[in-house]
Structures are given as C-alpha cells and as structure tokens.
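Here are the chains, one letter per residue:
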Amino acid sequence: MTSTLGDDATSSPSDEFHTMLHSLRVWDGPLPAFDTATAPQEPLALFREWFTHAAKAGQPEPHTMSLATVDADGRPDVRTLMLHEADERGWHFASHSTSAKGRQLAGQPEAALGFYWPAVARQIRIRGRVTACDAAESRADLAVRSRGALASALTGRQSEVLSSPEELARVSAAAWERAGAEPDAPAPTWTRYVLSPTEVEFFQGDATRRHTRLRYVRTPGSPWTRHLLWP
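Residues numbered from 1 in each chain as written. Predicted model: local features only at pLDDT ≥ 70, side-chain atom pairs only at ≥ 80, totals over all residues. Heavy atoms only, no water.

A. Structural detail: the pattern of salt bridges. Scanning all chains against the criterion turns up 11 salt bridges. In this structure, E199 and R127 form a salt bridge, with 3.1 Å as the shortest nitrogen-oxygen distance. Separated by 72 residues along the polypeptide, E199 in strand β7 (residues 190-204) and R127 in strand β6 (residues 122-132) bring together distant segments of the chain. Judged by relative accessible area, which is 16%, E199 ranks as buried. Residue classification places R127 among the partly exposed residues on the basis of a relative accessible area of 45%. For the salt bridge of R192 with D141, the shortest nitrogen-to-oxygen distance reads 2.6 Å. A residue pair is termed long-range when its members are at least 10 positions apart, and R192 in strand β7 and D141 in helix α4 (residues 135-143) qualify at 51 residues. The pair formed by R192 and D141 is uniform in burial state, with each residue classed as buried. Several salt bridges converge on common partners, so that one network encompasses R125, E201 and R213. (Salt bridge = Lys/Arg side-chain N within 4 Å of Asp/Glu carboxyl O. Helix = DSSP H or I, 4+ residues; strand = E, 2+ residues; numbered from the N terminus. Buried < 20%, exposed > 50% of the residue type's maximum accessible area, 1.4 Å probe, protein only.)

B. Examining helix α6 (residues 165-181) more closely. Here α6 is 17 residues long and its end C-alpha atoms lie 24 Å apart, about the 24 Å a rise of 1.5 Å per residue gives. On the buried face of α6, the contacting elements are α5 (147-155). (Expected span 1.5 Å × (residues − 1). Contact = heavy atoms within 4.5 Å.)

C. Structural context of unusual backbone geometry. Even without being glycine, E61 reaches a positive phi, approximately 45°. Here E61 is to be found in the loop between α2 (43-56) and β1 (64-70).

D. Layout of the nonpolar core. Formed by 30 residues in total, the largest nonpolar core has its most connected members in F47, W91, F115, I124 and F202. For F202, the residues in contact, after removing those within four places along its chain, are F34, P43, L46, F47, W50, Q123, I124, T212, R213, L214 and Y216. Within the second largest apolar cluster, 11 residues are counted, among which are A94, A153, L154 and W190. (Core = buried A, V, L, I, M, F, W, Y, C linked by side-chain atoms within 4.5 Å.)

E. How the structure looks around the packing of α5 against α6. Where α5 contacts α6, the axes come no closer than 8 Å and their chain directions differ by 125°. As summarised for this structure, α5 and α6 are arranged oblique, according to the angle between their axes. Two packed elements cross with a definite hand, and for α5 against α6 that hand is right-handed. Between α5, through R147, G148, L150, A151, L154 and T155, and α6, the contact on the second element is made entirely by V171, A175, W176, E177, R178, A179 and G180. A breakdown of the residues in the contact of α5 with α6 according to their chemical character gives 7 nonpolar, 3 polar and 3 charged. (Axes fitted to C-alpha atoms, helices over the stretch in contact; angles between N-to-C directions. Parallel < 35°, antiparallel > 145°, perpendicular 65-115°, else oblique. Left-handed = near helix turned anticlockwise from the far one by under 90°. Nonpolar A, V, L, I, M, F, W, Y, C, P; charged D, E, K, R; others polar.)

F. Main features of the side chain of S138. Mapped onto the secondary structure, S138 falls in helix α4. Excluding anything up to four places from it in sequence, S138 contacts C133, W190, T191 and R192.

G. The arrangement of the packing of aromatic side chains in detail. Counted according to the given criterion, the structure contains 12 aromatic pairs. Seen from their ring centres, W27 and F203 are 6.4 Å apart, and the 50° between their planes marks the pair as tilted. On the criterion of sequence distance, the pair formed by W27 in the loop between α1 (13-23) and α2 and F203 in strand β7 is long-range, its members being 176 residues apart. Each member of the pair, W27 as well as F203, is classed as buried. Each ring, one from F202 and one from Y216, has its centre 5.7 Å from the other, and the planes form 70°; the classification is edge-to-face. Of this pair, F202 sits in strand β7 while Y216 sits in strand β8 (residues 212-217); the two residues are 14 residues apart in sequence, bridging distant segments of the chain. In terms of burial, F202 and Y216 fall into one category: buried. Through successive ring pairs, a cluster of aromatic residues spans F34, W50, F202, Y216 and W224. Stacked on the ring of W50, the Lys or Arg R122 has its end atom at 4.0 Å from the ring centre. (Phe/Tyr/Trp six-rings, centres within 6.5 Å; stacked < 30°, edge-to-face > 60°. Lys NZ or Arg CZ within 6 Å of the ring centre and 35° of its normal.)

H. Spotlight on the environment of K101. Mapped onto the secondary structure, K101 falls in helix α3 (residues 100-107). For K101, a relative accessible area of 9% puts it in the buried group. Taking the C-alpha atoms as reference points, K101 and Q158, separated by 57 residues in sequence, lie 9.7 Å from one another. Beyond its immediate sequence surroundings of up to four residues, K101 is in contact with L67, R79, L81, S95 and Q158.

Printed below as a string of structure tokens:
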C-alpha cells in the first residue's frame, strides 16, 4: 500500500510541519469595510473603534499586543503583553523596571506596538517614545489587578535565570500568600509605561490582497497627517 504524507508511520515532524504550514489559509468569510475618507483626524478614536469592533466580533484577547524594543547593542527584542489603557497620553502597559524590557526601555525609550486581530483581518502598528510613570501611578495600576498579578509582581524577578521549577513553585506560593494577606503590599520595581505615538498605521486585510493601509504621522506639537500606503 502506498503511504501518504499524513501517514503517521512514515511522516516526520518536519513533513507534518510543512504540510500544515502550507495548508493554512486566512480570513475566511466576509471582512469589514474600511472607508479611509471618513476616518477620524486622530488615531486614538479609530483605535478605540476598531478595538471594540474586534472584541464584539469574537476576537480572543484583543487587548494583547506585541512590544518591540532594542537592547544596548541595538538588537531587536519582542514579546506579547497586555494593553492597560489607550488615552490622550498614549498606549499604556506595565512591567518590572528590572525586566529585560524595562532595562531596554531605560536605555532606549523608542519602541513599537503591534496588534493583530485575525477575526476581522485587521492589524495596528504604533511607534513612539515610552516614558515611565511615577511610583503612585504604577502602584495604582497594580491595585486594580488580580491577586495573581500582585503575586507575580511581588516575585519581582522577571527575565532572571531560574534555577529550577521547584524554586519557582516555592517563591510563587510565598508571593500568593503575601498577596492575600497584604493586598497593598509594595512592589517597588512594578512600573506603568506610556508609549506616546508619533506614527500609527491601520491595516485592513482584503481577500483579493488589495489591503487598505492608513498611516497617521506627527511630530511633537504638530497635528496628525494621514497617508494611504500601498499594500
């Protein structure tokens, strides 16, 4: 009998990976329209509109985003984290100042954010300068989050080398206990950050690959300008 690529007896993990990779498709079903002529003059309103639309369309975790930074040697780094707010100051997130991202932002405060919502074939790219909020605002950020978030913040060793899973279990258990007993326990390195945008791009996917891209650009103190981009 002739074996097929999907036969578990003959296919390798590499074969399965490539078969799966090249069989995947995106954006099945109708996609939302994007009339750039009626887009707001500033990007914040459009971001909030798209965010709400994505959440209502069933996009899982629309508040997750990628944060790209660079280290002291100019090497790029990226990770996924949660959006905490988007307002006139910028896009807010939080982390430990002693984490890899915290150290990178201290050395080079220019960064980029990326949102991707495949349920509606939309993505948003944001670039700008990041500033750290003061201790009071950073503590208030943590105060409205869960006990688990406080426990994680109290551990305070993000990105450090971990000696063993047992060490993590021990330290985490102690942090959970303290978070329950002291809901106002200080986490000195926990920091809220705000990215003030200088460039925001909105991308609407199209099944025929005639994607719509609208970019907002500004310099500090100047109004936003808008440009359409080739897909």
